[in-house]
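As a plain string of letters, each chain reads:
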Amino acid sequence: MRKTLGRTTLVAALALAGAAVAVPGAAGADQHDTRGAAMSLYPPSALVLTVAPGTGDDGASVQRAVTLACAPTPSGTHPAAKQACAELSHNQGNFAAITAGPPAGVMCTKEWKPVTVTADGVWDGQRVSYRYTFGNPCIKQASQGVVFNF
């Protein structure tokens, strides 16, 4: 529960920080952009990405966490924010496509040493909560692009 509470608190803080930047003015006011279109209370994309040893259900602490925002420009603590945003855009925010199995020719052992990645926040204005467990670190490294490579 401690890990979940910490992750939830981090996501809430990120969302509030993004909302404060994205929507100036009084809370609850009907905000519009320069074209007259209604603005969302959430930024179009603001994610917290994590990597943790284990399956995520065994109480292990998060090993590493980064933030990623893709609009209006790529930013956050992700070391390759621009490439990660491009990868997510290319896959239309489909995290399952990003964590798909390793490409042909990649050899990994069949040891069971799970690594779990998560993405929580907002992508393209929609709430996202994604979790995937790789069988071992080799499969994780071979299966991904840059989104979970930090």
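Conventions adopted
Think of each chain on its own: its residues are numbered from 1, step by step along the sequence as written. This being a predicted model, a pLDDT of at least 70 is required before a residue's local features are given, and a value of 80 or more before pairs of side-chain atoms are given or counted; all residues contribute to the totals for chains, interfaces and linings. Only hydrogens and water are set aside when side-chain values are computed; all heavy atoms of the structure are taken into account. Here, a strand pair is defined by DSSP locating no fewer than two bridges between the strands. Numbering goes from the N terminus for both helices and strands, where a helix is a DSSP run of H or I of at least four residues and a strand is a run of E of at least two. Only the stretch in contact is used when a helix axis is fitted, and all axes are lines through C-alpha atoms; the angle between N-to-C directions ranges over 0 to 180 degrees. Here a residue-residue contact requires only that any non-hydrogen atoms of the pair lie within 4.5 Å. N or O atoms within 3.5 Å of each other form a polar contact, as long as, within protein, one can give a hydrogen and the other can take it, and as long as residues adjacent in sequence are counted only when both atoms are side-chain atoms. Three exposure classes are used, based on accessible area relative to the maximum for each residue type with a 1.4 Å probe and protein chains only: buried under 20%, partly exposed in between, and exposed over 50%. The criterion for a disulfide is a pair of cysteine sulfur atoms lying within 2.5 Å. Buried Ala, Val, Leu, Ile, Met, Phe, Trp, Tyr and Cys residues that are joined via side-chain atoms within 4.5 Å together make up what is termed a nonpolar core.

Attention now goes to the sheet that holds strand S4 (residues 126-134). Pairing in this open sheet of four strands is antiparallel, and the strands run S2-S1-S3-S4 from one edge to the other. The sheet terminates laterally at strand S2 (64-69) and S4, the two strands that pair on one side only. Sheet twist, expressed as the average angle between the axes of neighbouring strands with direction ignored, equals 10°. When strand S1 (residues 45-53) meets S2, the two strands line up antiparallel, connected through six bridges. For Val 51, the partnering residue across the bridge sits in S2 and is Arg 64. Packing against the sheet, helix H2 (residues 81-90) makes contact with S1, S2 and strand S3 (115-123), and its axis sits at approximately 70° to S2.

Following the sequence through the fold, Thr 118 ends up in strand S3. Of note is the side chain of Thr 118, whose polar atom sits 2.2 Å from the side chain of Thr 50.

Looking now at the environment of Leu 47. Structurally, Leu 47 is set in strand S1. Overall, Leu 47 belongs to the buried group, its relative accessible area being 0%. Considered as a pair, Leu 47 and Gly 76 are 29 residues apart in the sequence and their alpha carbons are 9.0 Å apart.

The subject of this paragraph is the state of the cysteines. Throughout this description, disulfide means a covalent bond between two cysteine sulfur atoms. In this structure the tally under the stated criterion is two disulfides. Between the sulfur atoms of Cys 108 and its disulfide partner Cys 138 the distance amounts to 2.0 Å. Disulfide Cys 108-Cys 138: the torsion about the S-S bond is -75°, which places it as left-handed. On the criterion of sequence distance, the pair formed by Cys 108 in the loop between helix H3 (95-98) and S3 and Cys 138 in helix H4 (residues 137-143) is long-range, its members being 30 residues apart. Numbered by position along the chain, the disulfide-linked cysteines of the protein connect as 1-2, 3-4.

This paragraph deals with the nonpolar core. The biggest cluster of nonpolar side chains holds 22 residues, and the ones touching the most others in it are Leu 47, Leu 49, Leu 68, Leu 88, Phe 95, Val 147 and Phe 148. Ignoring any residue separated from it by four or fewer positions in sequence, one finds Phe 148 in contact with Leu 49, Thr 50, Val 51, Phe 95, Thr 99, Val 117, Thr 118, Ala 119, Tyr 130 and Lys 140.

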